[in-house]
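# Close look at the chain arrangement
Residue strings, one per chain:
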Amino acid sequence: MNNQLLYQHGTLGALVPGLFQGTLAIGELLKHGDTGIGTLTGLDGELIIMDGVVYQVSATGQVMVIENGAVPFANVHFAAFKSAGDIRGAAATAQQQMLAALGTHNLFAAVQVRGTFAHMTTRAVKAQQRPYPGLAATAADQAVFTREQVAGTLLGYWSPQLYAGMASPGFHLHFLADDHQFGGHVLDYTVAAGTLQTQVFSDIQLHLPTADSEFLNADLDGDLLGDITKAEH
Ligand SMILES: [Zn+2]
């Protein structure tokens, strides 16, 4: 395995017009990494993958371990994190520290914070039904959850602005509580006391759904970036 490789299935841009059909089975995805984030067909909740186990945080707030299903979009890699010391503070401060630890804005990288969070706000999109709406509409159809003083793992990726459209530019972070009772796509947080780990990638493999006629025929030529920013941040 190559732990300098970030594997991505699908593109964030393809979600903008509503291409929510899963086009890669979970089992296939796990061949390319044991750690990561993603979503299922219909944007049915938020996935966080740790140690090869896939957790789905659904819009009910329930966290389940899943082995089946398919992803329209996911990032995975084989974990080989490097310790980057202690971290604390509100999201803006913590993310400055993450970037300082990466030493650059210009590489794809994974970040992981384990510890206690004074405050954590997450969301999980509700499972969308066909005909699928666009990504911007789903941002209004999501459940938002908040916890105080929660122990858990913040896990996700930094993507350089240059690759917006393929990825969500900036940090894309998911969370799972240690008790597996809470998690989701991270909207805001404050680290009370945590340890930061980072993993920088030299390579990215973008895997696209060559057999999905909806993807093949979709019009992705427009300006999709505004909707990505609206939905993911
Ligand atoms: Zn997410």
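Up top you'll find the structure we're talking about.
Residues numbered from 1 in each chain as written. Predicted model: local features only at pLDDT ≥ 70, side-chain atom pairs only at ≥ 80, totals over all residues. Heavy atoms only, no water.

Those protein atoms acting as donors to the zinc ion are His172 (NE2), His174 (NE2) and His185 (ND1), and they sit at 2.0 to 2.1 Å. When its relative accessible area of 11% is taken as the criterion, His172 is described as buried. Looking at His185, the relative accessible area reads 1%, which means it is buried. (Donors = N, O, S within 2.8 Å, 3.2 Å for Na, K, Ca; no water. Buried < 20%, exposed > 50% of the residue type's maximum accessible area, 1.4 Å probe, protein only.)

Attention now moves to the pattern of salt bridges. Applying the stated criterion across every chain yields a total of four salt bridges. Here Lys31 and Glu28 are joined by a salt bridge, their closest N and O atoms 2.7 Å apart. The class for Lys31 is exposed, based on a relative accessible area of 55%. Glu28 sits in the partly exposed class, given a relative accessible area of 34%. Salt-bridge contacts for Asp141 lead to Lys126; the nearest nitrogen and oxygen are separated by 3.7 Å. Residue Asp141 is found in the loop between helix H4 (135–138) and strand E11 (142–159), and its partner Lys126 is found in the loop between strand E10 (109–125) and H4; the two are separated by 15 residues along the sequence. (Salt bridge = Lys/Arg side-chain N within 4 Å of Asp/Glu carboxyl O. Helix = DSSP H or I, 4+ residues; strand = E, 2+ residues; numbered from the N terminus.)

Glancing now at the nonpolar core. One finds Met98, Val113, Phe117, Met120, Leu154, Phe175 and Tyr189 to be the most contacted residues of the largest nonpolar core, which totals 42 residues. Secondary structure elements with two or more residues in this core: strand E4 (46–50), strand E5 (53–57), helix H3 (91–102), E10, E11, strand E12 (170–177) and strand E13 (183–200). With residues up to four places along the chain from it excluded, the contact list for Met98 reads Ile87, Val111, Val113, Leu154, Phe171, Tyr189 and Leu196. (Core = buried A, V, L, I, M, F, W, Y, C linked by side-chain atoms within 4.5 Å. Contact = heavy atoms within 4.5 Å.)

What follows is about unusual backbone geometry. That bond from Arg130 to Pro131 is cis: its omega, -5 degrees, falls within 30 degrees of zero. When you line up the elements, Pro131 lands in the loop between E10 and H4. Residue Leu43 is not a glycine yet carries a positive backbone phi of 55 degrees. Of note, Gln149 is a non-glycine position whose phi angle comes to about 50 degrees, a positive value. Tracing the backbone through its elements, the reader meets Gln149 in strand E11.

Here we come to the sheet that holds E5. Across the sheet, seven strands lie side by side as E6-E5-E4-E3-E8-E1-E14; this open sheet has mixed pairing. Strand pairing shows two members of the sheet lacking a second neighbour, strand E6 (63–66) and strand E14 (203–207), which therefore form its edges. Along the sheet, successive strands turn relative to each other by an average axial angle of 20 degrees, direction set aside. As judged from the three bridges shared by strand E3 (residues 35–39) and E4, these two strands associate in the antiparallel manner. The partner of Gly38 across the bridge, within E4, is Leu47. (Pairing = 2+ DSSP bridges. Axes fitted to C-alpha atoms, helices over the stretch in contact; angles between N-to-C directions.)

Burial analysis of E12 places eight of its eight residues in the buried class, the great majority of the element. With eight bridges joining them, E11 and E12 adopt antiparallel strand pairing. Residue pairing across strands places Thr153 opposite Leu176, the latter belonging to E12. With three bridges connecting them, E12 and E13 associate as antiparallel partners. In the strand pairing of E13, Phe175 is matched with Gly184. What sits between E12 and E13 in their antiparallel hairpin is a turn of five residues, with His180 showing a positive phi close to 60 degrees.

Turning our attention to the packing of aromatic side chains. The full count for this structure, using the stated rule, is seven aromatic pairs. For the pair Phe20 and Tyr132, a centre-to-centre distance of 5.2 Å together with 45 degrees between the ring planes defines the contact as tilted. You can see Phe20 sitting in the loop between helix H1 (12–15) and strand E2 (24–25) and its partner Tyr132 sitting in the loop between E10 and H4, a full 112 residues away along the chain. One exposure class covers both Phe20 and Tyr132, and it is buried. Taken together through their ring pairs, the aromatic side chains of Phe117, Phe175, Phe182 and Tyr189 make up a single cluster. (Phe/Tyr/Trp six-rings, centres within 6.5 Å; stacked < 30°, edge-to-face > 60°.)

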